[in-house]
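Summary of the model geometry
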Amino acid sequence: MAESSNKMMKLTQKIHDDMVEHIISMFIPVKSLLQNRILSKRFVDTNIRSRNLDFSGIFSRRRSQLEAVGIIEEVFNQYRGSDIHRFVLLINHLGVEDKIISWINTCLEKNIQEIVLDFSKSKRVMEIPINFSAVETLQDLKLRSCKFEMLDNSPKGLKLLRTLLLMSIAVMKETIDAVFSNCKNLESLELINCSMDGMLSIHAPNHKKFKSLVLSSIRGLGVIKLNSPSLENYKYNGYAIKLNFVRTYTLKEANLHYNRNFSRSYYDPSDLVVYNMIFFTRVFVLTTTTIFLEALTNKYVGGGKLEKWPFKFENLTKFQISFKAPTFCTLFDIAEFLKECPKLERVVID
């Protein structure tokens, strides 16, 4: 091992300085590059060409907002690379909006592939006057606490977009329509802590790559209409709402994290849970809460037995259930459900 290590050291020592500088400036993340420039006299004048501009960890107890903004500004002023593949920014945007817009525009001019913008450090939403639907090279877009533009029928933009994640954003119907009109290669859509006006409608009958839909804690959402024959993974966290799914034969995994609505004493999700369950009977993996079983298990009322299970889960191999207090669901109810799962291999009770 010692001999092998020595051979490797001799090999790296033979690499020309220009080649070492090229590797460091092009392929090392900007955070590591800045550390190298500070700690090594050899690379103090190395041109900044890093394609990975990840500034998510630039804040610390020793570094103020003003210092962090100064470092980011210096990086963009000294940038000499032809491409930027990744730009990650977690920042309080108040007072530096113009600089942020300038940084984003620089990335858009350099064939950006992934953009992650998080402005949750401020209580105010960041307005981005940029039409992302015109960006040709973008593959991953993740936005939090901001307002942005996305227009329908863009002639060339967002053709390569694979992942779209929106957090703490007011999502308009026009935005969703534009996404599925332009993004033919979209694989995953996540909406988390967003707000909507009543209905989420996804019309993607010709999208062959759209596999994953994640919806969590969306305010104002009452109905989900979905036409996506390629969907394989569906995750939902919130109150039980009405679903209208078309062709769910490819759906393999469902995570139905139903919550209780304590603000409405009369709220009973049972009918909605039962109504929606027809869309999930073919899945192989099901993760849910006891609210699911409360709606489906056999109950005895006044000595009379209610009708038996209306569904059978022929493909289910893994079942996971979390208890949501208060609940009247018991281990017996879980056992009754498992009888309807002939191919079950694993059960997790949390």
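Residues numbered from 1 in each chain as written. Predicted model: local features only at pLDDT ≥ 70, side-chain atom pairs only at ≥ 80, totals over all residues. Heavy atoms only, no water.

- The name recorded for the protein chain in an unreviewed UniProt entry is At1g61320/AtMIF1 LRR domain-containing protein, from Capsella rubella.

Observations regarding the packing of aromatic side chains
- The tally for this structure, following the rule as stated, stands at 14 aromatic pairs.
- Ring centres 5.7 Å apart and planes at 90 degrees place the aromatic pair Phe 76 and Phe 87 in the edge-to-face group. Of the two residues, Phe 76 sits in helix 4 (residues 65-78) while Phe 87 sits in strand 2 (residues 86-90), which places them 11 residues apart along the sequence.
- Looking at Phe 87, the relative accessible area reads 0%, which means it is buried.
- Ring plane angle 5 degrees and centroid distance 5.9 Å describe the contact between Phe 76 and Trp 103, whose orientation is recorded as stacked. Taken together, the residues span a long stretch of sequence, with Phe 76 in helix 4 and Trp 103 in helix 5 (residues 97-108) at a distance of 27 residues. (Phe/Tyr/Trp six-rings, centres within 6.5 Å; stacked < 30°, edge-to-face > 60°. Helix = DSSP H or I, 4+ residues; strand = E, 2+ residues; numbered from the N terminus. Buried < 20%, exposed > 50% of the residue type's maximum accessible area, 1.4 Å probe, protein only.)

Considering the environment of Phe 87
- Between the C-alpha atom of Phe 87 and that of Leu 117, which follows or precedes it by 30 residues, the distance is 8.1 Å.
- When sequence neighbours within four positions are dropped, the list of residues in contact with Phe 87 reads Leu 53, Phe 55, Phe 76, Trp 103, Ile 104, Cys 107, Ile 112, Glu 114, Ile 115, Val 116 and Leu 117. (Contact = heavy atoms within 4.5 Å.)

Details of the nonpolar core
- The biggest cluster of nonpolar side chains holds 92 residues, and the ones touching the most others in it are Phe 87, Leu 191, Tyr 234, Phe 280 and Phe 292.
- Discounting residues that sit within four places of it in the chain, Leu 191 has contacts with Leu 166, Val 171, Ile 176, Met 196, Leu 200, Val 214, Leu 215, Ser 216 and Ile 218. (Core = buried A, V, L, I, M, F, W, Y, C linked by side-chain atoms within 4.5 Å.)

Points about the side chain of Ser 122
- In this structure, Ser 122 sits in the loop between strand 3 (114-118) and strand 4 (126-131).
- A distance of 3.2 Å separates a polar atom in the side chain of Ser 122 from the backbone nitrogen of Arg 124.
- Setting aside its immediate chain neighbours within four residues, Ser 122 contacts Asn 92, His 93 and Leu 94. (Polar contact = N/O pair within 3.5 Å; in protein donor to acceptor, adjacent residues only side chain to side chain.)

Observations concerning unusual backbone geometry
- Positive phi is not limited to glycine here, since Asn 111 has a value of about 55 degrees.
- Even without being glycine, Ser 145 reaches a positive phi, approximately 60 degrees.

Observations concerning the pattern of salt bridges
- For the structure on display, the rule yields 10 salt bridges.
- Of the charged contacts, one joins Arg 86 and Asp 54 as a salt bridge, the two residues approaching to 3.1 Å between their closest N and O atoms. Residue Arg 86 is found in strand 2, and its partner Asp 54 is found in strand 1 (residues 52-54); the two are separated by 32 residues along the sequence.
- A salt bridge links Lys 173 to Asp 177, with the shortest nitrogen-to-oxygen separation between them at 2.8 Å. Here Asp 177 and Lys 173 lie together in helix 6 (residues 173-182), a separation of 4 residues that amounts to about one turn.
- Within the structure, one salt-bridge network assembled from shared partners comprises Asp 54, Arg 86 and Glu 114. (Salt bridge = Lys/Arg side-chain N within 4 Å of Asp/Glu carboxyl O.)

Observations concerning the sheet that holds strand 14 (residues 253-258)
- Taken in spatial order, the 12 strands make up an open sheet running 1-2-3-5-7-8-10-12-14-15-18-19, and their pairing is parallel. At either margin of the open sheet sits one strand with a lone partner, and together these are strand 1 and strand 19 (346-349). The sheet shows a mean angle of 5 degrees between the axes of neighbouring strands, direction not considered.
- For strand 8 (residues 188-192) and strand 10 (residues 212-216), the ladder comprises 5 bridges, and the chain directions are parallel. Bridging across to strand 10, Leu 189 finds its partner in Leu 213. (Pairing = 2+ DSSP bridges. Axes fitted to C-alpha atoms, helices over the stretch in contact; angles between N-to-C directions.)

Describing the environment of Ile 91
- With respect to the helices and strands, the residue Ile 91 is situated in the loop between strand 2 and helix 5.
- We classify Ile 91 as buried; its relative accessible area is 0%.
- In this structure the C-alpha to C-alpha distance between Ile 91 and Lys 121, which are 30 residues apart in sequence, comes to 6.3 Å.

Details of the pairing of strand 2
- Here strand 1 pairs with strand 2 via 3 bridges, running parallel. Bridging across to strand 2, Leu 53 finds its partner in Phe 87.
- Relative to strand 3, strand 2 is paired through 5 bridges, and the arrangement is parallel. In the sheet register, Leu 89 faces strand 3, and the bridge partner there is Leu 117.
- The parallel pair strand 2 and strand 3 is bridged by helix 5, and the resulting crossover is right-handed. (Right-handed = clockwise from strand over helix to strand, strands pointing away.)

With respect to helix 5
- The end-to-end C-alpha distance of helix 5, which contains 12 residues, comes to 17 Å, matching closely the 16 Å that a straight helix rising 1.5 Å per residue would cover.
- Looking at the buried side of helix 5, the elements it contacts are helix 4, strand 2, strand 3 and strand 4. (Expected span 1.5 Å × (residues − 1).)

A closer look at the sheet that holds strand 11 (residues 219-227)
- Strands sit in the order 9-11-13 across an open sheet of 3 strands; the sheet is parallel. One side of each edge strand has no neighbouring strand; the edge strands of this open sheet are strand 9 (195-203) and strand 13 (242-246). Across the sheet, the mean angle separating the axes of adjacent strands is 15 degrees when strand polarity is ignored.

Concerning a nonpolar patch on the surface
- A surface patch of nonpolar side chains, amounting to about 350 Å² of accessible area, comprises Phe 323, Leu 331, Val 347 and Ile 349.
- Given the relative accessible area of 36%, Val 347 is considered partly exposed. (Patch = residues over 30% accessible without salt bridge, like charges linked within 9 Å, V, L, I, M, F, W, Y side chains within 5 Å. Areas by Shrake-Rupley, 256 points an atom, 1.4 Å probe, with all protein chains shown as cover.)

Notes on the pairing of strand 12 (residues 233-238)
- Of the pairings in the sheet, the one linking strand 10 to strand 12 comprises 5 bridges and is parallel in character. Each residue of the ladder has a partner; that of Leu 215, found in strand 12, is Tyr 236.
- As defined by bridge partners, strand 12 adjoins strand 14 across 6 bridges and the pair is classed as parallel. Across the sheet, the residue bridging to Tyr 236 is Leu 256, located in strand 14.

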